[in-house]
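# Commentary on secondary and tertiary structure
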Amino acid sequence: MTNPQWNAVDAYFTETIAPADEALTAALDASAAAGLPEIAVAPNQGKLLHLLALTQGARNILEIGTLGGYSTIWLARALPADGRLITLEYDPAHADVARANLAHAGLDKVVEVRTGPALDSLPRLEAEGAGPFDLVFIDADKVNNPRYVEWALKLSRPGTLIIVDNVVRGGRITTPAPDDPAITGTRALFELVAAEPRLDATAIQTVGSKGYDGLLLARVVR
């Protein structure tokens, strides 16, 4: 679902307070040229992630779902000089595009792109003692969203911010008996978060150039 007015407002927001720069534009162009799906966050949403990471004072960020590295660039730019970001990408071809985009943005020494199923990579991070992460951004396959949040909790600390993208699904999240695994997984995510005493959460609906969707934000409280 899209709406020309939503697109126009997003464009206005982007032009006035979240303008693109050469590296961000190049990342989107390279991703499109490589045939990646055009599902990266919108520029104003990327700026939101950047500001949330800055507000969080994040020094250690985990991203689940890299695609072409567009959101990764926004997040990594919020890190201090000694900060780091680990991003997990299932598709090796997507990971190669992301690595090139991050190098072009001058962030290849700050960001590590790991390839393979995230549910294989996450236990390795735990074994390595990679956490705790200050911010976790989840934007991967929706079926596994509950498992990703469970792992985010294992790799977090009190005060960690967990952000999950695409939780409204064009409004279909309210479908009583969904036959879409992405919706089933997202509903299971909400049920898990609602029952988890270590999380204090909310969700917001968004409209814009990426259609009708939304974000879940959860703070680890203990």
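This text follows the structure it describes.
Residues numbered from 1 in each chain as written. Predicted model: local features only at pLDDT ≥ 70, side-chain atom pairs only at ≥ 80, totals over all residues. Heavy atoms only, no water.

Glancing now at the overall build of the protein chain. The secondary structure content of the protein chain amounts to eight helices and seven strands. Scaling as 2.2 N^0.38, a compact globule of 222 residues should have a C-alpha radius of gyration of about 17 Å, and the protein chain matches this with 17 Å. In terms of principal-axis extent, the alpha carbons of the protein chain reach across some 45 × 45 × 30 Å. Relative to its 222 residues, the protein chain shows a buried fraction of 48%. Contacts in the protein chain between residues at least 24 apart in sequence constitute 72% of all its contacts with a sequence separation of at least 6. Counting every atom, the protein chain has about 10,300 Å² of accessible surface; 55% of that belongs to carbon and sulfur. (Helix = DSSP H or I, 4+ residues; strand = E, 2+ residues; numbered from the N terminus. Rg over C-alpha atoms; globule rule 2.2 N^0.38 Å. Buried < 20%, exposed > 50% of the residue type's maximum accessible area, 1.4 Å probe, protein only. Contact = heavy atoms within 4.5 Å. Areas by Shrake-Rupley, 256 points an atom, 1.4 Å probe, with all protein chains shown as cover.)

Summed over the entire model, instances satisfying the criterion amount to eleven salt bridges. In this structure, Asp108 and Lys109 form a salt bridge, with 3.3 Å as the shortest nitrogen-oxygen distance. The class for Asp108 is partly exposed, based on a relative accessible area of 36%. Judged by relative accessible area, which is 76%, Lys109 ranks as exposed. For Glu196, the salt bridge identified is with Arg198, shortest N-O distance 2.8 Å. Taking the relative accessible area as the measure of exposure, Glu196 reaches 15% and is therefore buried. Accessibility expressed as a relative area gives 35% for Arg198, which makes it partly exposed. Each of Glu112, Arg114 and Glu128 takes part in salt bridges that share partners, so that together they form one network. (Salt bridge = Lys/Arg side-chain N within 4 Å of Asp/Glu carboxyl O.)

On to the side chain of Thr186, then. With respect to the helices and strands, the residue Thr186 is situated in helix α8 (residues 181-195). Note on Thr186: relative accessible area 0%, which makes it buried. Leaving out residues up to four positions away in the same chain, Thr186 has contacts with Lys142, Asn145, Asn166, Val167, Arg169 and Ile173.

Examined bridge by bridge, strand β6 (residues 199-208) and strand β7 (residues 211-220) share ten bridges and lie antiparallel to one another. Its bridge partner being in β7, Thr202 is matched across the sheet by Leu217. The hairpin formed by β6 and β7 contains two residues between the paired strands. (Pairing = 2+ DSSP bridges.)

This model, assessed by the stated rule, comprises one aromatic pair. The interplanar angle of 50° and the centroid separation of 6.3 Å between the aromatic rings of Tyr12 and Phe13 together place this pair among those described as tilted. Taking NZ or CZ as reference, Lys154 lies 4.0 Å from the ring centre of Trp151, over its face. (Phe/Tyr/Trp six-rings, centres within 6.5 Å; stacked < 30°, edge-to-face > 60°. Lys NZ or Arg CZ within 6 Å of the ring centre and 35° of its normal.)

Turning our attention to helix α6 (residues 118-128). Residues of α6 that are buried: Ala118, Ser121, Leu122 and Leu125. Viewed end-on, α6 has its buried residues packed into an arc of 105°, placing them on one side of the element. Backbone geometry just after α6 places Gly129 at a positive phi near 70°. (Arc of directions from axis to C-beta.)

Moving on, we get to the sheet that holds strand β3 (residues 111-115). The strand order across the open sheet built from seven strands is β3-β2-β1-β4-β5-β7-β6, with neighbouring strands paired in mixed fashion. The sheet is open, and its two borders are formed by β3 and β6, each paired with just one other strand. The mean inter-strand angle of the sheet, taken between neighbouring strand axes irrespective of direction, is 15°. Pairing of strand β1 (residues 60-64) with strand β2 (residues 84-89) involves five bridges; the strand directions are parallel. Following the sheet pairing, Ile64 is matched in β2 by Leu88. Contacting β6 and β7, helix α1 (residues 4-17) crosses the sheet at an angle of about 110° to β6. Along the sheet face, helix α3 (residues 43-56) touches β1, β4 (135-138), β5 (161-165), β6 and β7 and points at about 170° away from the line of β5. (Axes fitted to C-alpha atoms, helices over the stretch in contact; angles between N-to-C directions.)

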